[in-house]
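# Remarks on the overall topology
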Amino acid sequence: MYNLKLDWNIALCLEVLMKIIRRDKNPKNKDVIEERHERRIKSENQASDMEFTINLEDNYAKLQAFLKESTDVVFRKFKLGKLGIECALVYVDGLVDKTVIHNSILKPIMFETSELHIDHAYDFILNHAVTVADIKETNKLDEAILFIMSGEAALIIDGFDKVIIVSARGWPTRGISDPDTEGVIRGAKEGFTETLRTNTALLRRKCKDPNMVIRTIRLGRRSKTDIAYVYIKGITNDELIKELEERLNKIDIDQIIDSGHLEQLIQDNSWSPMPQVQATERPDKAVSNLMEGRIIILVDNSPFALIIPSTFAQFFQSPEDYNERWIVASFIRILRWISSFLAVFTPAIYISLVTYHPGLIPSRLALSIAATRAGVPFPSIIEALLMETTIELLRESG
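The text that follows walks through the structure, step by step, so that each part is easy to find. Since the structure is predicted, the reported quantities are computational estimates derived from the model, not experimental observations. (Residues numbered from 1 in each chain as written. Predicted model: local features only at pLDDT ≥ 70, side-chain atom pairs only at ≥ 80, totals over all residues. Heavy atoms only, no water.)

### Some details on the pairing of strand 5 (residues 163-167)
- With respect to burial, strand 5 is a largely interior element, 4 of its 5 residues being buried.
- Inspection of the sheet shows strand 3 (residues 135-138) paired to strand 5 by 4 bridges, in the antiparallel sense. Looking across to strand 5, one finds that Lys 136 is bridged to Ile 165.
- Two strands pair when backbone bridges link them, and strand 4 (residues 152-157) and strand 5 are joined in this way by 5 bridges, in the antiparallel orientation. Bridging across to strand 5, Ala 153 finds its partner in Val 166. (Buried < 20%, exposed > 50% of the residue type's maximum accessible area, 1.4 Å probe, protein only. Helix = DSSP H or I, 4+ residues; strand = E, 2+ residues; numbered from the N terminus. Pairing = 2+ DSSP bridges.)

Pasting the structure below:
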């Protein structure tokens, strides 16, 4: 009887506890969640319709409405020197160089002692106080947010309807190293990295022609991935450039992950198993193709550059061929063609001779083949397919 009463009391307590949990699942975070829902703008696309005003608090609230929930976004309010004008700085922690933020933006503005008129504060900060070379201005909210997400710092000044965008990019990057997929004995030991500007600088170092044009666009509705296409004026066909730009403009997708993703969106035939665009990790190979009138496409966050257009013969060339004497390089290229021919047609020739034309095989060789296949329960075509499959499995397994 005592055990039944105890079980009944426990069940009653559990029922009351469950009602409390259902009524208020997370009382600690409930106020915070409700506060976020109140200030959250209904549509993320509304940022494209918004512009900054002369009121700092209004501009500050607009940026907070989109970025406050992200804990890596830093909002910093401060005042301009003796004038005491309210200013605010917004940036993403981890994407900026803290030295630039502290020494080139905050320090010269906060410790400014000049006697300025309030109407000249914006021009003074833009032209004198901020000691950074790359500075932009914008009055649109969506542009400011895009710059912040790209590693820039947005400086808001009370009384002015423009935001100063200061270049302060400084995220961790991988150093330039020898390409893993295209190693050579004689040649440059540097390859592309995952940073777009580093890759464009590698091309500039190898080709100082002012006619080499680098154009940058952004693709991806959400990822806003920077993509650069490079060509040399006077060498590259204008129709080729126009065709590429048309195909890039037709791309409407949420995210561009890698150069291989972009390759599938601009190729001629998506059903063809043959490669239609060549990829490379080597800046010297990319520059060599630029000199031949081709276009190089670089994608941010990808160490592979795309070469368009590509021909079948390109895939039998190596960067090392240009560093060898023409006799040696030509002999090696001929060997590549012969090896490719044998790799493609040897299994088919073996099946046709063994199955349909055994009389063309010399007697001793025919007897040797018959002896080796005596214990094989499959026809020659199945045997060849199993062999090819086994080789591919071993190659894929590393």
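### Overview of the packing of aromatic side chains
- Evaluation of the coordinates by the stated rule reveals 7 aromatic pairs.
- Consider the rings of Phe 316 and Trp 337, whose centres lie 4.2 Å apart with planes at 15°: the pair is stacked. Here Trp 337 lies in helix 11 (residues 326-355) and Phe 316 lies in the loop between strand 10 (305-308) and helix 11, a separation of 21 residues in the sequence.
- One aromatic cluster is present, built from ring pairs that chain together Phe 312, Phe 316 and Trp 337.
- When the ring centre of Tyr 322 is taken as origin, the NZ or CZ atom of Arg 333, which lies over that ring, is 5.9 Å away. (Phe/Tyr/Trp six-rings, centres within 6.5 Å; stacked < 30°, edge-to-face > 60°. Lys NZ or Arg CZ within 6 Å of the ring centre and 35° of its normal.)

### Details of unusual backbone geometry
- Residues Ile 308 and Pro 309 are joined by a peptide bond in cis, for which omega reads -10°.
- Its location among the elements puts Pro 309 in the loop between strand 10 and helix 11.
- At Lys 224, a residue that is not glycine, the phi angle is positive and equals roughly 50°.
- Here Lys 224 lies in the loop between strand 6 (212-219) and strand 7 (225-232).
- The class of Lys 224 is partly exposed, set by a relative accessible area of 34%.

### What about helix 8 (residues 238-249)?
- Over its 12 residues, helix 8 runs 17 Å from end to end, which matches the ideal 16 Å to within 8%, given 1.5 Å per residue.
- Of the positions making up helix 8, those classed as buried are Ile 241, Leu 244 and Leu 248. Viewed end-on, helix 8 has its buried residues packed into an arc of 65°, placing them on one side of the element. Facing away from the buried side of helix 8 by more than 90 degrees, the exposed set consists of Asp 238, Glu 239 and Asn 249.
- Of the surrounding secondary structure, the elements contacted by the buried residues of helix 8 are strand 6, strand 7, helix 9 (259-266), strand 9 (295-299) and strand 10. (Expected span 1.5 Å × (residues − 1). Arc of directions from axis to C-beta. Contact = heavy atoms within 4.5 Å.)

### Topic: the pattern of salt bridges
- Here the structure, examined in full by the defined rule, presents 24 salt bridges.
- The closest approach of N and O atoms between Glu 152 and Arg 169, which form a salt bridge, is 3.2 Å. Here Glu 152, found in strand 4, pairs with Arg 169, found in the loop between strand 5 and helix 7 (196-206); they are 17 residues apart in sequence, far enough to count as distant.
- The exposure class assigned to Glu 152 is buried, which follows from its relative accessible area of 3%.
- Here Arg 336 and Asp 321 are joined by a salt bridge, their closest N and O atoms 3.0 Å apart. Of this pair, Arg 336 sits in helix 11 while Asp 321 is found in the loop between strand 10 and helix 11, placing the two residues 15 residues apart along the sequence.
- Take Arg 336: its relative accessible area is 24%, and that puts it in the partly exposed class.
- On the accessibility criterion, Asp 321 (7% relative accessible area) is buried. (Salt bridge = Lys/Arg side-chain N within 4 Å of Asp/Glu carboxyl O.)

### What about the nonpolar core?
- Membership of the largest hydrophobic core comes to 27 residues, with the highest contact counts inside it found for Leu 89, Ile 101, Ile 109, Ile 125, Leu 155 and Ile 157.
- Where this core is concerned, the elements lending two or more residues are strand 1 (73-80), strand 2 (85-92), helix 4 (98-110), helix 5 (121-129), strand 4 and strand 5.
- If you tally residues by element for this core, the top one is helix 5, at 6 residues.
- What Leu 89 contacts, discounting residues up to four positions off in sequence, is Val 74, Phe 75, Arg 76, Phe 78, Ile 101, Ile 105, Leu 106, Ala 153, Ala 154 and Leu 155. (Core = buried A, V, L, I, M, F, W, Y, C linked by side-chain atoms within 4.5 Å.)

### A closer look at a nonpolar patch on the surface
- On the surface, Ile 334, Ile 338, Phe 341, Leu 342, Val 344, Phe 345 and Ile 349 cluster together into a nonpolar patch covering about 670 Å² of accessible area.
- Considering the arrangement of structural elements, one finds Val 344 in helix 11. (Patch = residues over 30% accessible without salt bridge, like charges linked within 9 Å, V, L, I, M, F, W, Y side chains within 5 Å. Areas by Shrake-Rupley, 256 points an atom, 1.4 Å probe, with all protein chains shown as cover.)

### Observations concerning the pairing of strand 9
- Burial analysis of strand 9 places 5 of its 5 residues in the buried class, which makes it a mostly covered element.
- Covered by surrounding structure in strand 9 are Ile 295, Ile 297 and Val 299 together with Ile 296 and Leu 298, the residues of both alternating faces.
- Sheet analysis places strand 7 next to strand 9, joined by 4 bridges and oriented antiparallel. Bridge assignment links Ile 227 to a residue of strand 9, and that residue is Val 299.
- Across 3 bridges, the pairing between strand 9 and strand 10 is antiparallel. Residue Ile 296 lies in a different strand from strand 10, and its bridge partner there is Ile 307.
- Between strand 9 and strand 10, which pair antiparallel and follow one another directly, the connecting turn spans 5 residues, one of which, Asn 301, has a positive phi of 75°.

### A closer look at the sheet that holds strand 1
- Spatial strand order, 1-2-4-5-3: 5 strands in an open sheet with antiparallel pairing. A single partner strand is all that each edge strand has here, and the edge strands are strand 1 and strand 3. Put simply, the sheet's adjacent strands are angled 25° from each other on average, direction ignored.
- On the sheet, helix 3 (residues 56-67) packs against strand 1, strand 2 and strand 4 and is oriented at approximately 170° with respect to strand 1.
- Along the sheet, helix 4 makes contact with strand 1, strand 2, strand 4 and strand 5, crossing strand 1 at roughly 25°. (Axes fitted to C-alpha atoms, helices over the stretch in contact; angles between N-to-C directions.)

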